[in-house]
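# What the coordinates show
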Amino acid sequence: MALDITTGSFHGSSWKYLAFKESGAAAGVQAILSKITDGTRSAQRVIVEKVVLSCMSGHIHLFDGSARAVPTFSLMADNTVGALTQCWDFRGEPLELTNTDGTGLCISAAGTISGFVKYG
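Residues numbered from 1 in each chain as written. Predicted model: local features only at pLDDT ≥ 70, side-chain atom pairs only at ≥ 80, totals over all residues. Heavy atoms only, no water.

### A closer look at the overall build of the protein chain
Each helix and strand counted, the protein chain has zero helices and seven strands in total. Secondary structure elements of the protein chain, listed N to C terminal, follow the sequence β-β-β-β-β-β-β. With 120 residues in all, the protein chain has 38% of them scored as buried. Considering only contacts in the protein chain between residues 6 or more positions apart, those separated by 24 or more positions represent 73%. As presented, the protein chain carries roughly 6,400 Å² of accessible surface, and 51% of it is formed by carbon and sulfur atoms. (Helix = DSSP H or I, 4+ residues; strand = E, 2+ residues; numbered from the N terminus. Buried < 20%, exposed > 50% of the residue type's maximum accessible area, 1.4 Å probe, protein only. Contact = heavy atoms within 4.5 Å. Areas by Shrake-Rupley, 256 points an atom, 1.4 Å probe, with all protein chains shown as cover.)

### A look at the side chain of Glu-49
With respect to the secondary-structure elements, Glu-49 resides in strand 3 (residues 45-64). A distance of 2.8 Å separates polar atoms of two side chains, one belonging to Glu-49 and the other to Lys-118. Apart from residues lying up to four places away in sequence, Glu-49 is in contact with Trp-15, Trp-88, Asp-89, Phe-90, Arg-91, Gly-92, Pro-94 and Lys-118. (Polar contact = N/O pair within 3.5 Å; in protein donor to acceptor, adjacent residues only side chain to side chain.)

### Points about the nonpolar core
Counting 22 residues, the largest nonpolar core has Phe-20, Leu-53, Ile-60, Leu-62, Ile-107 and Val-117 as its most contacted members. Elements supplying a minimum of two residues to this core: strand 2 (16-33), strand 3, strand 4 (71-76) and strand 7 (105-119). If we skip the residues at most four places from it in the chain, Ile-107 touches Met-1, Leu-3, Phe-20, Gly-28, Val-29, Gln-30, Ile-32, Ile-60, His-61, Leu-62, Phe-63 and Ile-113. (Core = buried A, V, L, I, M, F, W, Y, C linked by side-chain atoms within 4.5 Å.)

### Some points on the packing of aromatic side chains
Ring pairs (aromatic) are described by centroid distance and by the angle formed between their planes. All told, the structure shown has four aromatic pairs when counted by the stated rule. For the ring pair Phe-10 and Tyr-17, a centre distance of 5.7 Å and an interplane angle of 70 degrees mean the geometry is edge-to-face. We classify Phe-10 as partly exposed; its relative accessible area is 30%. By way of ring pairs, the aromatic residues Phe-10, Tyr-17 and Phe-116 are connected into one cluster. The lysine or arginine in question, Lys-118, covers the ring of Phe-10, its NZ or CZ lying 4.8 Å from the ring centre. (Phe/Tyr/Trp six-rings, centres within 6.5 Å; stacked < 30°, edge-to-face > 60°. Lys NZ or Arg CZ within 6 Å of the ring centre and 35° of its normal.)

### Some words on the confidence of the model for the protein chain
The predicted model of the protein chain has a mean per-residue pLDDT of 80, with 77% of residues at 70 or higher. Taken element by element, the protein chain is modelled with least confidence in strand 6 (residues 95-98), mean pLDDT 75, and with most confidence in strand 1 (residues 4-9), mean pLDDT 90. (pLDDT = per-residue confidence, 0-100.)

### Let's talk about the environment of Gly-120
Position of Gly-120 relative to the elements: it lies in the segment after strand 7. Taking the C-alpha atoms as reference points, Gly-120 and Ser-14, separated by 106 residues in sequence, lie 6.4 Å from one another. Among residues more than four places away in sequence, those in contact with Gly-120 are Ser-14, Trp-15, Arg-45, Val-46 and Ile-47.

### Let's talk about the environment of Ile-113
Considering the arrangement of structural elements, one finds Ile-113 in strand 7. Along the backbone, Ile-113 and Thr-85 are 28 residues apart, and their C-alpha atoms lie at a distance of 9.8 Å. Apart from the residues lying within four places of it in its own chain, the contact partners of Ile-113 are Leu-3, Phe-20, Lys-21, Glu-22, Ser-54, Cys-55, Ser-57, His-59, Ile-60 and Ile-107.

This is the structure in structure tokens:
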């Protein structure tokens, strides 16, 4: 899997974004946001306000890459209905991912996928 990733920030805000896409990705797992644990940030957090996933074929799972590795967001393509898109919007009450192992948000995917994550 070799994701095309674009990152940026929202003007006048501490929120950042990450957009990604891949056509015909082979099955794989990749970290897309990393937490730093250099002794000064032993429990760094990732705050997620919005996630949008789209899947033309295959599957896509975003998860907190800690030892528990439980999928947080998942989408499986259904070729009988065409492309699927799912949005999770936590505006006003963002989701907090915290762990101490240094791993951040990871993606497990195959097929033709795209997505967007608004985080802080």
